[in-house]
Amino acid sequence: MGRPPLDSGLSRLVALVPSTSSSASKPSSLRRSGVTFCQRFYVSAPSLHFRCVPLRSFTPSRGLSAKSLGGTFSAAMSSSSSSSYEKEFAAAKKAVSLASHLCQKVQRSIIECDVQSKADKSPVTVADYGSQALVSLVLRLELPSQPFSLVAEEDSRDLREEGSQGTLRRITNLVNDTLSFDGTYNVTLSEDDVLDAIDRGKSEGGPNGQHWVLDPIDGTKGFLRGDQYAIALAMLDKRKVVLGVLACPNLPQTSISSTNKHSSVSEIGCLFSARLGYGTVMQYLDGSKPSEVHVSTVADPANASLFESFEAAHSMHDLSSTIAEKLGVKAPPVRIDSQAKYCALARGDGAIYLRFPHEGYREKIWDHAAGSIVVSEAGGVVTDAAGKELDFSKGRYLDLNTGIICTNKKLMPQLLKAVQDSLKGNLQTPESL
Ligand SMILES: Nc1ncnc2c1ncn2[C@@H]1O[C@H](COP(=O)(O)O)[C@@H](OP(=O)(O)O)[C@H]1O
Ligand SMILES: [Mg+2]
């Protein structure tokens, strides 16, 4: 940080919160679940009504629990041991929780302004940048004595261009409001501080040392639609993912399995976290004790359900459908955005996740690092389409050209065979790719 922290003072800004005077402030959670069962049950973003209140009086009824999630943080720090990454784990949870608060606030205002139906992406950009700045800042504040390397999606180039001052001001206000609401840190960031914090994400990663890996908003398209998205943070230590934290602010707190689609979903907002050798836990973003989660034990593909990207541009739906048919999967695919798919799989909502990008696309490490450990620590397996472990040590990109598959240990051999048979079939008809 370039300058001593300033007192945050009173915020003059406003936050957008759901109006308590309207019945629309408690939307049907099914409408908020952002999950598509083969497109038949899809409903788009809810129409919520909002009112503006001073940020200081903003008490979220759900969603933010940066305070509750970080409440035992000091104790965790003092009893940390470097081998189990306890300090880093607590810092990651705190950072992701704060970023998730910021993103929720922006998503609510997007819905209010109805900009998700326009081509204008600026509100997303604001949340992406704000989330990255916050995570970068919080990790450095919490772990001041450690070398810091962050591989993250955004950089500040566009924000430094002429005409971006208003956007930068909005991002800075969002970051400062979030910090001020949380109250842990007595800091106020200048616009330059925010640019610097964002640009700390330019690391190239690689096989040596430790690197944080961040997707500040994964599932941008879902975020714009008011559907699923995630804030994804992982840490690599000498090539391996050693911890991962994923906030899914719109993920129902109960199962989204295809067999559960008619049941009402009451609450949304989950935080998944995993440390190498310690399992995966889930807690609610509005505060709850962490509870262990495990992948599904389904061994017969006929009883398995399958996740894939909502966006057909991100993954070949036809190929997944061929694989599902070969396996004998009966349920329709469940289509959701972002690494929320890994989270849903980790808690057993479904048994298979398939991702087959179209030719030429290069996967980024921040799209899979947190998700892969959340699944593997919950007892699942994540590999490329050849059955090889994902290698996060090659820099900012994953070095693979086939696809990513993910399931439990019992189903993996059958899945791998079906994938490889289907890929051979696909290669014989290249026009289908
Ligand atoms: N053509 C493409 N093929 C595969 N993945 C793509 C893609 N274009 C973008 N993506 C990645 O897919 C991610 C979303 O994944 P999903 O389809 O599971 O929701 C995006 O993350 P961002 O939203 O962070 O950019 C982006 O990194
Ligand atoms: Mg992403």
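Definitions and cut-offs
- Residues numbered from 1 in each chain as written.
- Chains lettered and ligands numbered in written order.
- Predicted model: local features only at pLDDT ≥ 70, side-chain atom pairs only at ≥ 80, totals over all residues.
- Heavy atoms only, no water.
- Helix = DSSP H or I, 4+ residues; strand = E, 2+ residues; numbered from the N terminus.
- Buried < 20%, exposed > 50% of the residue type's maximum accessible area, 1.4 Å probe, protein only.
- Contact = heavy atoms within 4.5 Å.
- Areas by Shrake-Rupley, 256 points an atom, 1.4 Å probe, with all protein chains shown as cover.
- Near = heavy atom within 4 Å.
- Polar contact = N/O pair within 3.5 Å; in protein donor to acceptor, adjacent residues only side chain to side chain.
- Nonpolar A, V, L, I, M, F, W, Y, C, P; charged D, E, K, R; others polar.
- Domains from an automatic or database assignment.
- Axes fitted to C-alpha atoms, helices over the stretch in contact; angles between N-to-C directions.
- Parallel < 35°, antiparallel > 145°, perpendicular 65-115°, else oblique.
- Donors = N, O, S within 2.8 Å, 3.2 Å for Na, K, Ca; no water.
- Buried area = accessible area lost by both parts, 1.4 Å probe.
- Salt bridge = Lys/Arg side-chain N within 4 Å of Asp/Glu carboxyl O.
- Phe/Tyr/Trp six-rings, centres within 6.5 Å; stacked < 30°, edge-to-face > 60°.
- UniProt positions renumbered as here; feature names shortened; annotations may be inferred.
- Expected span 1.5 Å × (residues − 1).

### Concerning the overall build of the protein chain
Working step 1: Along the protein chain, the regular secondary structure elements total 12 helices and 15 strands.
Working step 2: Taken across its 433 residues, the protein chain has 58% of its residues classed as buried.
Working step 3: Excluding contacts between residues fewer than 6 apart, the proportion of contacts in the protein chain whose partners are at least 24 apart in sequence is 76%.
Working step 4: Summing over all exposed atoms, the protein chain offers an accessible surface of approximately 17900 Å²; the carbon and sulfur share of this is 50%.

### Concerning the site of ligand 1
Working step 1: With respect to spatial proximity, 16 residues lie near ligand 1, and among them S309, H314, S338, K341 and D367 are the closest.
Working step 2: One of the side-chain N or O atoms of K341 is found 2.5 Å from an oxygen atom in ligand 1.
Working step 3: Note that an oxygen atom of ligand 1 is positioned 2.8 Å from one of the side-chain N or O atoms of R355.
Working step 4: Considered on its own, ligand 1 offers 570 Å² of accessible surface; in the complex 84% of this is hidden by protein.
Working step 5: Of all the elements, strand 5 (residues 210-218) adds the most residues to the shell around ligand 1, at 3 residues.
Working step 6: Among the residues making up the shell around ligand 1, the classes are represented as 4 nonpolar, 5 polar and 7 charged.
Working step 7: Counting contributing residues, the shell around ligand 1 receives three or more from each of domain 1 (14-293) and domain 2 (301-432).

### Quick notes on the packing of helix 6 (residues 165-182) against helix 7 (residues 191-199)
Working step 1: Orientation of helix 6 relative to helix 7, taken along the N-to-C sense of each, is 85°, at an axis distance of 9 Å. With respect to their mutual orientation, helix 6 and helix 7 come out roughly perpendicular. Taken together, the residues of helix 7 that come into contact with helix 6 (itself represented by L168, R169, I171 and T172) are E191, V194 and L195.

### Comments concerning the coordination of the magnesium ion (ligand 2)
Working step 1: Those donors, D215 (OD), D218 (OD) and D367 (OD), are the protein atoms that reach the magnesium ion (ligand 2), and they lie 1.9 to 2.3 Å from it.
Working step 2: Judged by its relative accessible area of 8%, D218 is buried.

### A few points about the domain arrangement of the protein chain
Working step 1: Partitioning the protein chain into domains gives domain 1 (14-293) and domain 2 (301-432).
Working step 2: Across the contact, 61 residues belong to domain 1 and 37 residues belong to domain 2.
Working step 3: Here domain 1 packs against domain 2, burying approximately 3600 Å² in sum over the two surfaces, 62% of which is carbon and sulfur.
Working step 4: Among the residues of domain 1 in contact with domain 2, R225, V241 and L246 are the three that bury the most area, contributing 12% of the side total.
Working step 5: Counting across the interface, domain 1 meets domain 2 through 3 salt bridges.
Working step 6: The residue R225 makes a salt bridge to D337 at a minimum N-O spacing of 2.8 Å.
Working step 7: Counting across the interface, domain 1 meets domain 2 through 16 residue pairs in polar contact (both at pLDDT 80 or more).
Working step 8: Every element with two or more residues in the side of domain 1 that touches domain 2 is listed here: strand 2 (36-37), strand 4 (150-152), strand 5, helix 8 (220-225), strand 6 (230-237), strand 7 (240-252), strand 8 (268-275) and strand 9 (279-284).
Working step 9: Of the residues forming the side of domain 1 that touches domain 2, the biggest block, 10 residues, is contributed by strand 7.
Working step 10: Of the residues belonging to the side of domain 1 that touches domain 2, the class tally is 31 nonpolar, 18 polar and 12 charged.

### Focus: the packing of aromatic side chains
Working step 1: According to the stated counting rule, one finds 2 aromatic pairs in the structure shown.
Working step 2: Between F223 and Y229, the aromatic rings sit 4.7 Å apart at their centres with planes inclined by 90°, giving edge-to-face as the arrangement.
Working step 3: Of the residues examined, F223 reaches a relative accessible area of 0% and is grouped as buried.
Working step 4: Ring centres 5.0 Å apart and planes at 80° place the aromatic pair Y342 and Y353 in the edge-to-face group. Placement of the pair is Y342 in helix 10 (residues 340-346) and Y353 in strand 13 (residues 352-355), with a sequence separation of 11 residues. Y353 matches Y342 in its accessibility class, with the two residues each being buried.

### Comments concerning the UniProt feature "binding site: Mg(2+)" (unreviewed entry) in the protein chain
Working step 1: In the numbering used here, UniProt assigns the feature "binding site: Mg(2+)" (unreviewed entry) to E153, D215, I217, D218 and D367. With the annotated positions falling across 215 residues, the maximum pairwise C-alpha distance of 9.8 Å places them together in a single cluster.
Working step 2: Counting through the fold element by element, D215 comes out in strand 5.
Working step 3: We classify D215 as buried; its relative accessible area is 1%.
Working step 4: Discounting chain neighbours no more than four positions away, the residues touching D215 are E153, A230, I231, A232, W366 and D367.

### Remarks on the side chain of D349
Working step 1: Tracing the sequence through the fold places D349 in the loop between helix 10 and strand 13.
Working step 2: A distance of 2.8 Å separates a polar atom in the side chain of D349 from a polar atom in the side chain of R347.
Working step 3: Setting aside chain neighbours within four positions, we find D349 in contact with S255, I256, S257, S305, F307 and A344.

### Points about helix 6
Working step 1: Here helix 6 is 18 residues long and its end C-alpha atoms lie 26 Å apart, about the 26 Å a rise of 1.5 Å per residue gives.
Working step 2: For helix 6, every residue scored as buried is listed here: L168, I171, T172, L174, V175, N176, D177, T178, L179, S180, F181 and D182.
Working step 3: Of the residues trailing helix 6, G183 is marked for its positive phi of about 80°.

### Structural notes on the pattern of salt bridges
For side chains bearing opposite charge, pairing can occur when the charged atoms are close.
Working step 1: In this structure the tally under the stated criterion is 16 salt bridges.
Working step 2: Of the charged contacts, one joins D227 and R225 as a salt bridge, the two residues approaching to 3.2 Å between their closest N and O atoms. Each member of the pair, D227 as well as R225, carries the same accessibility label: buried.
Working step 3: Ionic pairing is found between D421 and K424, a salt bridge with its closest N-O pair at 3.8 Å. Of the two residues, D421 and K424 are both situated in helix 12 (residues 412-428); the distance of 3 residues between them amounts to about one turn of the helix.

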